[in-house]
Amino acid sequence: MTKACIFAYGIPAVVVTFNLGLTLLYFDKQQLNEDVCVKDDPQYLPSTTYHAENMCWLQGYSLYFGFLFIIGLAFLNNLGIVILVLRKVIFKRQKIQSTAAKGNKLTQLFMACSLSFTLGLTWIFGFLMLISTDPTYNQVLNWLFALFNSFQGIFIFYITCVKREDMFIFWWNPMRSRFEGFRKRFEDAVGIEPASFSPRTMATNSTRVSATKSNFSSTST
């Protein structure tokens, strides 16, 4: 975990530091010398080439080389991983004969969507916005970029913490126990008889009844 944290936070810190230092110490100094020759007002604050004046975001070389270039490298790397994984899975399943072809296709589709969301391939909408200045085109891609990337965390939570039974039990059981405790104290305070059924308890009870019936039948036989 320590090595992973050093890599995950160290590499971006190096990129940001290099980008900020190069911009402030080189590009801004060149622009400052040009501005001083034109505007000698001591209260004049020269603009910086690091961020835009109309929004809190990068611009110019800082945007292209300090952000888009790095994101593009990560995107290409993740795209290659997705292609290699899907190629392995698809070719492997084509060699193995299966009667559930439709189920396999749905599984492959779900895997492709999972990898796309997990590895951040939805950033493709952000890069596509750079190829045109049409307002309608950019508005559509802005909506797609915002929707897909805002649901990325929810989708990762679903495939890692809900779809996996062991992880679901790990975080759901403490929450359910806490809720049952609150409900019991509330029922005791109000004087309501505790409810003896819920979707999960009904399923558990039905399973127990079925098991009891089968044991009774086998014993009688």
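Residue positions are given per chain, counted from 1 along the sequence in the order it is written. Given that the model is predicted, a residue must reach a pLDDT of at least 70 before its local features are reported, and side-chain atom pairs must reach 80 or more before they are shown or counted; all residues, however, enter totals for whole chains, interfaces and linings. Values shown for side chains rest on all heavy atoms present in the structure; no hydrogens or waters enter the calculation.

(A) A look at the overall build of the chain. Helical segments are the DSSP runs of H or I of at least four residues, strand segments are the runs of E of at least two, and each set is numbered from the N terminus. A tally of helices and strands in the chain yields 8 helices and 0 strands. Counting from the amino terminus, the chain carries its helices and strands in the arrangement α-α-α-α-α-α-α-α. Partly exposed describes any residue whose relative accessible area lies between the buried limit of under 20% and the exposed limit of over 50%, with all areas from a 1.4 Å probe on protein chains only and scaled to the type maximum. The buried share of the chain, reckoned over its 221 residues, is 18%. Counted over contacts in the chain with a minimum sequence separation of 6, partners at least 24 positions apart contribute 48%. Areas reported as accessible are Shrake-Rupley estimates using a 1.4 Å probe. Residue values count occlusion only from the protein chains shown. Summed over all atoms, the accessible surface of the chain reaches about 17600 Å², with 69% contributed by carbon and sulfur. Throughout, a contact is declared for two residues whenever any of their heavy atoms are within 4.5 Å.

(B) Representation of the UniProt feature "transmembrane region" (unreviewed entry) in the chain in the model. UniProt positions are given in the numbering used here, feature names are shortened, and annotations may be inferred rather than shown by experiment. In the numbering used here, UniProt assigns the feature "transmembrane region" (unreviewed entry) to residues 7-27, 63-86, 106-131 and 143-162. Counted over residues 7-27, helix gives 100% and strand 0%. Its end C-alpha atoms are 29 Å apart. As annotated, residues 63-86 has a helix share of 100% and a strand share of 0%, and its two end C-alpha atoms lie 32 Å apart.

(C) Structural detail: helix H5 (residues 135-150). In this analysis, the expected span of each helix is defined as 1.5 Å times one less than the number of residues it contains. Under the 1.5 Å per step criterion, the end-to-end length of H5 is 22 Å for 16 residues, consistent within 8% with the ideal 22 Å. Listing the buried residues of H5 in full gives Asn138, Leu141 and Asn149. Down the axis of H5, the buried side of the element spans an arc of 70°, and every buried residue falls inside it. Set apart from the buried face of H5 by more than 90 degrees, the exposed residues are Thr136 and Trp143. Against the buried residues of H5 lie helix H4 (124-128) and helix H6 (152-162). In the analysis that follows, any N or O atom pair within 3.5 Å is treated as a polar contact, provided that within protein one partner can donate a hydrogen and the other can accept it, and provided that, for residues neighboring in sequence, both atoms belong to side chains. Where H5 starts, the residue carrying a side-chain oxygen 3.4 Å from the main-chain nitrogen of Thr136 turns out to be Asp134. Throughout, the arc means that of the directions going from the helix axis to the C-beta atoms.

(D) How the structure looks around the packing of aromatic side chains. Here a pair means two rings of Phe, Tyr or Trp (six-membered ring of Trp) with centres within 6.5 Å. Their orientation is stacked below 30 degrees between planes, edge-to-face above 60, and tilted elsewhere. Within the structure shown, the criterion is met by 10 aromatic pairs. Among the aromatic residues, those joined into a cluster by ring pairs are Trp57, Phe67, Trp123 and Phe145.

(E) Representation of the side chain of Gln152. With respect to the secondary-structure elements, Gln152 resides in helix H6. For Gln152, the residues in contact, after removing those within four places along its chain, are Phe117, Thr118 and Gly120.

(F) Broad picture of the packing of H6 against helix H7 (residues 165-190). Here H6 crosses H7 at 95°, and the two axes come no closer than 6 Å. Between H6 and H7, the crossing angle belongs to the class labelled roughly perpendicular. Where H6 approaches H7, its residues Phe157, Thr160, Cys161 and Val162 are matched on the opposing element by Met167, Phe168 and Trp171. Note on method: axes are straight lines fitted to C-alpha atoms, helices fitted across the in-contact stretch only, with angles between N-to-C directions ranging 0 to 180 degrees. With respect to orientation, any angle under 35 degrees is reported as roughly parallel, any angle over 145 as roughly antiparallel, any angle of 65 to 115 as roughly perpendicular, and every other angle as oblique.

(G) Fine view of the pattern of salt bridges. Definition used for salt bridges: Asp or Glu carboxyl oxygen within 4 Å of a side-chain nitrogen of Lys or Arg. This structure, assessed with the given rule, holds 2 salt bridges. Salt-bridge contacts for Asp166 lead to Arg164; the nearest nitrogen and oxygen are separated by 2.9 Å. By relative accessible area, which is 42% here, Arg164 ends up partly exposed. Two residues, Arg183 and Glu180, come together in a salt bridge whose shortest N-O distance is 2.7 Å. Remark: Glu180 and Arg183 occur in helix H7; sequence separation between them is 3 residues, near one turn of the helix.

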